[in-house]
Amino acid sequence: MKYQILRSFLAIVAFFAFAFISWSGVTTSAQKSRLTDNPKLSFLTASPAAVFTNPAPITVLDASPASLYPSNISVTGMSGTVTDVNVTINGFAHTWPDDLGILLVSPSGRQMVVQSDVGGGTPVTGRTYTFDDQAAAGIPNSGPMPANNTSVKPSSVNDDEFFPGPAPDAPYNQPAPAGTSTLNGIFGGDAPNGDWKLYIIDCCAQDEGNIAGGWSIEITTGAGGPTPTPTPAGPT
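Before going into details, it helps to say that this report is about the structure given with it. (Residues numbered from 1 in each chain as written. Predicted model: local features only at pLDDT ≥ 70, side-chain atom pairs only at ≥ 80, totals over all residues. Heavy atoms only, no water.)

## As for unusual backbone geometry
The condition that has to hold: A run of H or I in DSSP becomes a helix once it reaches four residues, and a run of E becomes a strand once it reaches two; helices and strands are each numbered from the N terminus. Residue exposure (1.4 Å probe, protein chains only): buried if accessible area is under 20% of the type maximum, exposed if over 50%, otherwise partly exposed.
Between Ala170 and Pro171 the backbone carries a cis peptide bond, its omega angle lying at 10°. Tracing the chain through its elements places Pro171 in the loop between strand E9 (155-156) and helix H3 (183-187). Backbone torsion omega between Ala176 and Pro177 reads 0°, so that peptide bond is classified as cis. Checked against the element boundaries, Pro177 lands in the loop between E9 and H3. You will see that Ala63, though not glycine, has its phi angle at about 55°, which is positive. Position of Ala63 among the secondary structure elements: in the loop between strand E2 (58-60) and strand E3 (71-75). The exposure class assigned to Ala63 is partly exposed, which follows from its relative accessible area of 40%. Notably, Asp117 is not glycine yet its phi reads approximately 55°, a positive angle. Here Asp117 is to be found in the loop between strand E6 (111-116) and strand E7 (124-131).

## Observations concerning the nonpolar core
Keep this limit in mind: Here, the term nonpolar core denotes a set of buried Ala, Val, Leu, Ile, Met, Phe, Trp, Tyr and Cys residues that are joined through side-chain atoms within 4.5 Å. In what follows, a contact means two residues having at least one pair of non-hydrogen atoms within 4.5 Å.
Within the largest apolar cluster, 37 residues are counted, with the highest numbers of intra-cluster contacts made by Ile89, Leu104, Phe131, Trp196, Ile200, Trp215 and Ile217. Among the elements that take part in this core, strand E4 (residues 82-94) stands out by supplying 5 residues, more than any other. Leave out the neighbours within four places in its chain, and Ile89 touches Ile102, Arg127, Thr128, Tyr129, Phe131, Leu198, Ile211, Gly214 and Trp215. Membership of the second largest hydrophobic core comes to 9 residues, among which are Tyr69, Val113, Ala167 and Ile201.

Below, the structure written as structure tokens:
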């Protein structure tokens with residue numbers, strides 16, 4: 001009997017020591033694996049996140065809406081509400097980046113400009129970059145555009161975009177320096193599932209470009225449960 005009590009006591013001590021180590025940020029990879037695989041310890045796992053991509057190329061037409069307008073990504077299988085959103089532009093090229101305007105719209109209709117009137121007039125090719133509220137800085141008005149495979153804050157200099165239908169009407173939520181909106185401030189608490197839309201325009205004559213690899217959206221929600229399997233959306 002005394003040995004049974006001792007074994008039970010030691011098991012309880014070991015469990016709480018394991019949990020303390022995990023919470024303290026020094027969890028080993030093996031411990032992380034056991035945490036993920038053990039449904040009894042599910043309260044220790046992080047909120048699920050997933051990346052969804054529409055790889056269809058987007059032609060940025062001169063002084064016009066882009067060839068895919070909008071370019072859609074269908075998000076499915078996520079539970080809970082949005083806590084973090086990042087948007088990646090895959091393979092951007094343009095002869096005058098400052099002409100570009102990009103508007104993100106959620107399935108529920110929330111919207112925000114993520115890039116407008118920034119990046120300067122130096123041509124770029126093959127740039128992949130991510131809009132992330134946690135990035136160190138935005139894109140300067142006069143450039144340069146972000147280095148390849150880096151993160152930047154959403155950036156807009158002037159609150160003067162005109163996104164023709166079927167994009168939503170102005171006014172648009174603007175990031176700094178034109179406004180104070182952030183991705184998580186606008187889309188936080190929103191439902192993740194459905195069609196996310198990216199509206200892209202070229203504002204001015206004489207220059208054009210493309211986004212060779214389409215775009216991606218990374219969504220984190222505040223609910224537990226399995227991470228969904230992202231399915232690329234085709235052009236619409």
